[in-house]
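Understanding the architecture of this molecule
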Amino acid sequence: MKFSIGIVCFPSFGGSGVVASELARGLAERGHDAHLLSTARPGRITGDEPGLTFHEIRVPDYPLFEHAPYGLAVASKIVDVCRAHRLDLLQVHYAVPHVASGLLAKQLLGVQAPLLVTSLHGTDVTRTGSDPSYRSITSAAIAASDGITVPSAWLRDEARARLQLPSDLPIEVIANFVDSERFAPPQARDRARLQSLFPRAEEGPVLFHVSNFRPVKRTGDLIEVLGLLRRHLPARLVLVGDGPDRRLVEERAKSLGLDGQIHFLGKQASFVEWLRHADAFLLPSECESFGVAALEALAAGVPVFGYRVGGLPEVVPAAVGRLVEPFDVQALATAVRAALETPGASERLGSAARTHVLERYRREPALDRYERYFRELLLRRPPEKR
Ligand code: GMT
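Residues numbered from 1 in each chain as written. Predicted model: local features only at pLDDT ≥ 70, side-chain atom pairs only at ≥ 80, totals over all residues. Heavy atoms only, no water.

**Observations regarding the sheet that holds strand 2 (residues 33-38)**
Convention followed: Paired strands, as defined in this entry, are two strands with at least two bridges between them according to DSSP. Numbering goes from the N terminus for both helices and strands, where a helix is a DSSP run of H or I of at least four residues and a strand is a run of E of at least two.
Strand order in the open sheet made by the 7 strands is 3-2-1-4-5-6-7, with parallel pairing throughout. Sheet topology places strand 3 (52-56) and strand 7 (172-173) at the edges, where each strand pairs with a single neighbour. Across 2 bridges, the pairing between strand 6 (residues 147-150) and strand 7 is parallel. In the sheet register, valine 150 faces strand 7, and the bridge partner there is valine 173.

Here you go:
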């Protein structure tokens with residue numbers, strides 16, 4: 001059964017945008033009619049692809065508005081796209097404010113309305129969605145959705161508790177996935193690729209980090225870990241992404257005299273050519289419902305190190321990296337050092353990481369799960385709506 005689906009997401013450098021756009025692309029490749037709705041093309045969707053149509057959500061400003069009403073622009077675009085393309089399903093990624101926009105659009109569309117599927121991601125449950133300013137409408141709109149997905153069992157339980165969702169409300173756990181052909185280890189790991197980013201530094205292990213540099217990522221800890229490690233090893237750190245804490249990270253590095261040992265690549269549509277030559281990936285987040293960035297590193301055969309928080313233990317078992325007590329920077333540095341100094345340890349973890357990803361997080365089985373889930377929802381519709 002082929003279906004037409006609208007997928008709403010934030011385009012920003014972040015896991016939910018990556019998952020939404022990869023899903024849209026994958027469903028289009030399988031012959032479904034996919035429509036991606038966002039304020040800009042998400043980084044990994046660079047042009048039109050067969051079966052995949054991008055619809056730009058415009059959020060016009062007006063001097064009267066202190067804050068442009070983004071949620072209304074989203075709802076309005078959904079209505080327009082549904083009227084023009086008769087969508088069967090609408091999947092909104094990140095609940096705030098997308099689920100409320102989706103529900104409003106659904107009510108306006110009446111009998112033409114698609115099924116509404118809400119895909120929760122993380123802070124839409126733990127921060128924004130459970131903030132008193134947004135909670136009533138977010139909880140009610142999630143509960144009124146026709147389907148709900150989460151990437152980890154941990155986030156399912158958090159959503160039930162924090163948003164006080166009915167205990168019998170079905171929530172489907174579908175783990176995030178990775179394109180394991182694109183994120184793959186190199187034929188041979190070649191540190192020189194990364195060494196060229198530090199022309200004046202002596203050769204040594206390279207740590208890698210990718211994020212949007214929001215406070216939840218605790219990016220300052222990266223610098224502390226680097227400082228602790230450098231008492232023993234000539235380690236360096238490569239950073240991908242940008243965001244509010246970047247300046248703090250740069251200042252802290254400078255104050256510790258580590259600025260020559262870190263290299264900021266900034267926002268990159270593709271960074272795997274560097275990532276796959278790294279020795280370790282650091283993700284010292286305060287919380288991660290899943291950790292797509294960790295998954296991409298594991299797929300590239302790079303072991304992951306971070307704190308035992310949220311859904312990360314579901315993605316990073318001990319065989320593929322180390323998660324330590326939150327927020328013990330010393331323990332984190334010790335774990336990384338042990339992997340780098342024990343002969344063969346980093347390679348063993350990296351090779352187990354690749355196998356772990358191929359067994360559990362490949363793109364095609366994840367697309368199968370989504371397809372199956374969407375079809376089940378569609379088949380449950382009353383006959384007059386099919
Ligand atoms: O929830 C967020 O903070 C944003 C979101 C994003 O768009 O990057 O991140 C969440 O969703 C990702 C995709 O499912 C997960 O990999 C991240 O772990 C999760 N972030 C948090 O839980 C902090």
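**Let's talk about unusual backbone geometry**
Defined as follows: Each residue is assigned to one of three classes by its accessible area relative to the maximum for its type, calculated with a 1.4 Å probe on protein chains only: buried under 20%, partly exposed between the two thresholds, exposed over 50%.
Following valine 96, the chain continues into proline 97 via a peptide bond in cis, with omega recorded as -5°. Structurally, the position occupied by proline 97 is in helix 3 (residues 95-109). The step from proline 326 to phenylalanine 327 runs through a cis peptide bond, and the omega angle for that step is -10°. Position of phenylalanine 327 among the secondary structure elements: in the loop between strand 13 (321-324) and helix 13 (329-341). Of note, the phi angle at arginine 86 is positive, near 50°, even though the residue is not glycine. Topologically, arginine 86 is positioned in the loop between helix 2 (70-85) and strand 4 (89-93). Residue classification places arginine 86 among the exposed residues on the basis of a relative accessible area of 54%. Here arginine 218, not a glycine, exhibits a phi torsion of approximately 45°, which is positive. Among the structural elements, arginine 218 can be located in the loop between strand 8 (206-210) and helix 8 (220-229).

**Observations regarding helix 3**
Selection rule: Each helix should span, by expectation, one fewer than its residue count multiplied by 1.5 Å. We call two residues in contact whenever any of their non-hydrogen atoms come within 4.5 Å of each other.
For helix 3, which comprises 15 residues, the first-to-last C-alpha distance of 20 Å matches the rise-based estimate of 21 Å (1.5 Å per residue) to within 8%. Buried residues of helix 3: Ala95, Val96, His98, Val99, Ser101, Gly102, Leu103, Ala105 and Leu109, and no others. On its buried face, helix 3 is in contact with strand 1 (4-8), helix 2, strand 4, strand 5 (115-119), helix 4 (123-126) and helix 5 (135-143). Looking one or two residues beyond helix 3, the residue adopting positive phi is glycine 110, at roughly 55°.

**Observations regarding the site of the ligand**
Heads up, the rule is: If even one non-hydrogen atom of a residue comes within 4 Å of a molecule or strand, that residue is called near it. N or O atoms within 3.5 Å of each other form a polar contact, as long as, within protein, one can give a hydrogen and the other can take it, and as long as residues adjacent in sequence are counted only when both atoms are side-chain atoms. Grid spacing is 1 Å over the protein atoms alone, the probe is 1.4 Å, and a cavity is where that probe fits but cannot get out, while a pocket is an open set with protein on both sides within 12 Å along at least five of seven lines and lining residues have an atom within 4 Å of a point. To be counted as sitting in a cavity or pocket, a molecule needs more than half of its atoms within 2 Å of that site's grid points. Under the convention adopted here, Pro, Cys and the residues Ala, Val, Leu, Ile, Met, Phe, Trp and Tyr are nonpolar, Asp, Glu, Lys and Arg are charged, and Gly plus all remaining residues are polar.
Taken together, 16 residues surround the ligand, and among them Gly15, Ser16, His121, Thr123 and Glu288 come closest. Between the ligand and the protein, one listed contact pairs an oxygen atom with a backbone N or O atom of glycine 15 at 2.7 Å. Contact between the ligand and glutamate 288: an oxygen atom at 2.4 Å from a side-chain N or O atom of the residue. More than half of the atoms of the ligand fall within 2 Å of the grid points belonging to the largest pocket. When its residues are assigned to classes, the shell around the ligand shows 5 nonpolar, 9 polar and 2 charged.

**Considerations on the state of the cysteines**
Condition: Note that a disulfide, as used here, is simply two cysteine sulfur atoms within 2.5 Å.
Overall, the coordinates contain 0 disulfides when judged by the stated rule. Free of any disulfide, cysteine 82 has its nearest cysteine sulfur in cysteine 9, 16 Å distant.

**Some remarks on the nonpolar core**
Note the threshold: Here, nonpolar core refers to any group of buried Ala, Val, Leu, Ile, Met, Phe, Trp, Tyr and Cys residues whose side-chain atoms link them within 4.5 Å.
Counting residues in hydrophobic clusters, the biggest one holds 96 residues, and the most contacted among them are Leu207, Phe208, Leu275, Phe281, Phe305, Val316 and Phe374. Contact partners of phenylalanine 208, with chain neighbours within four places excluded, come to Leu194, Leu237, Val238, Val240, Phe271, Trp274, Leu275, Ala278, Ala280, Phe281 and Leu282. Counting residues in hydrophobic clusters, the runner-up holds 32 residues, among them Ile78, Val81, Leu120 and Ile142.

**Observations regarding the packing of helix 8 against helix 13**
Formally: To define axes, lines are fitted to C-alpha atoms, for helices over the stretch in contact only, and angles between the resulting N-to-C directions are given on a 0 to 180 degree scale. Put simply, angles under 35 degrees are roughly parallel, angles over 145 are roughly antiparallel, angles from 65 to 115 are roughly perpendicular, and the rest are oblique. What makes a crossing left-handed is the near helix being turned counterclockwise from the far one by less than a right angle; a clockwise turn instead makes it right-handed.
Where helix 8 contacts helix 13, the axes come no closer than 9 Å and their chain directions differ by 55°. Taken together, the axes of helix 8 and helix 13 lie oblique to each other. When you trace helix 8 past helix 13, the crossing you get is right-handed. Counting all contacts with helix 8, which are made through Asp221, Glu224, Val225, Leu228 and Leu229, the residues of helix 13 involved are Val329, Gln330, Leu332, Ala333, Val336 and Arg337. Within the contact of helix 8 with helix 13, the residues separate by chemical class into 7 nonpolar, 1 polar and 3 charged.

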